Amino acid sequence: MRKSKYDTMQLSPTQTDGNECGNDKIDSIENRIEHSAEIVALEEQTKTLKQLIVELQKIQTYGECTMEEYRKSTKAFNAAVQSSDNIVNGICRSIARAEKSVITVRLSKEEKDELANHRQKLIEGEKNLLEAQVMEIRKVQETHWKEVRNFFKAESGFYLTGKMAKLALYTFWGLYAYFCITLGIMIICRLLH
């Protein structure tokens, strides 16, 4: 029931006597209006609820269909796995039988000679290949050891070659001679003094 600011005010005794009947009628009309508004709102809510129920039923049927398809695909997948296992097991069994089976071959004299010739050619080819590989390995090993020797020569000392060696040797002998002459002059000067 709606209330207004006039509902909270007190009426004087003269006003309340004659207007009670009118106020009751107004109150009943207001109650009817409120009830009809509530009924309209409830009807709208029931319509939306019915629509939601229909949508939920559709979703439920879709979910059931999906689950049914999932079950079917699971069965098909399991059947395929079992079938592939059977195929693999069959292949393994046939390979095992083939390995256990004895094969006899009958060769004539010419075929035996031809087989021996092919074997001899194969042995010679492998021998030539092995010799070529040994030669190649020896070359690689020789170049490796040459590089190692050159490295140790370069890192183990100071070497002079060519013009630099001659220049260093002449310089050394010149300085040595200068040292000897200077030392001899100093000794003679001390003896004379």
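Counting restarts for each chain: residues are numbered from 1 in the order of the written sequence. For this predicted model, a pLDDT threshold of at least 70 governs which residues receive local features, and a threshold of 80 or more governs which side-chain atom pairs are given and counted, while totals over whole chains, interfaces and linings are taken from all residues. Computation of side-chain values: all heavy atoms of the structure, hydrogens and water removed.

**So, the overall build of the protein**
We apply this condition: The helix count covers DSSP runs of H or I at least four residues long, the strand count covers runs of E at least two residues long, and both are numbered beginning at the N terminus. Calculation of accessible area relied on Shrake-Rupley with a 1.4 Å probe; when residues are assessed, cover is drawn exclusively from the protein chains displayed.
Across its full length, the protein holds 4 helices and 0 strands. Taken from N to C terminus, the helices and strands of the protein fall in the order α-α-α-α. Surface summary for the protein: the accessible area is close to 18800 Å², and the carbon and sulfur share equals 62%.

**What about the packing of aromatic side chains?**
Note the following rule: Here a Phe, Tyr or Trp ring, Trp counted by its six-membered ring, pairs with any other such ring whose centre lies within 6.5 Å, and the pair is stacked when the planes are under 30 degrees apart, edge-to-face when over 60, and tilted otherwise.
The full count for this structure, using the stated rule, is 3 aromatic pairs. Judged by centre distance (5.5 Å) and plane angle (65°), the rings of F172 and W173 are edge-to-face. Seen in terms of ring centroids, W173 and Y176 are 5.9 Å apart; in terms of plane orientation they differ by 85°. Their pairing is edge-to-face. Of this pair, W173 and Y176 both sit in helix α4 (residues 163-192), 3 residues apart, which is roughly one turn of that helix.

**Considering a negative patch on the surface**
Stated precisely, the cut-off is as follows: Patch construction takes residues with relative accessible area above 30% that form no salt bridge. Like charges are linked within 9 Å, and nonpolar side chains (Val, Leu, Ile, Met, Phe, Trp, Tyr) are linked within 5 Å. Any carboxyl oxygen of Asp or Glu that lies within 4 Å of a side-chain nitrogen of Lys or Arg is treated as forming a salt bridge with it. When charges are counted, Lys and Arg are positive and Asp and Glu negative, with His and the chain ends excluded. Throughout, a charge is located at the NZ atom of Lys, the CZ atom of Arg, the CG atom of Asp or the CD atom of Glu. Here the term buried applies to any residue with accessible area under 20% of the maximum for its type, exposed to any over 50%, and partly exposed to those in between, with areas from a 1.4 Å probe on protein chains only.
A surface patch of like charges, here negative, comprises E110, E111, D113 and E114. By relative accessible area, which is 58% here, E110 ends up exposed.

**Section: the pattern of salt bridges**
Under the defined criterion, the tally for this structure stands at 2 salt bridges. The residue E69 makes a salt bridge to K72 at a minimum N-O spacing of 3.9 Å. Note that E69 and K72 are positioned in helix α2 (residues 13-100) at a spacing of 3 residues, about one turn of the helix. For E69, a relative accessible area of 48% corresponds to the partly exposed category.

**Things to note about the confidence of the model for the protein**
The criterion, for reference: Each residue carries a pLDDT score, the predictor's confidence in it, ranging from 0 to 100. Whether two residues are in contact is decided by their heavy atoms, any of which lying within 4.5 Å being enough.
Residue-level pLDDT values for the protein average 83, and 85% of them are 70 or greater. Here helix α1 (residues 5-8) stands out as the least confident element of the protein, with mean pLDDT 50; helix α3 (residues 109-156) is the most confident, with 91. Scored below 50 in pLDDT, residues 12-17 makes 1 contact in the model with residues more than four places away or belonging to other chains.

**Remarks on a nonpolar patch on the surface**
A cluster of nonpolar side chains, L169, F172, W173, Y176, F179, L183, I187 and L191, forms an exposed patch at the surface whose accessible area comes to about 900 Å². Relative to the helices and strands, L191 resides in helix α4. Taking relative accessible area as the criterion, L191 reaches 69% and is therefore assigned exposed.

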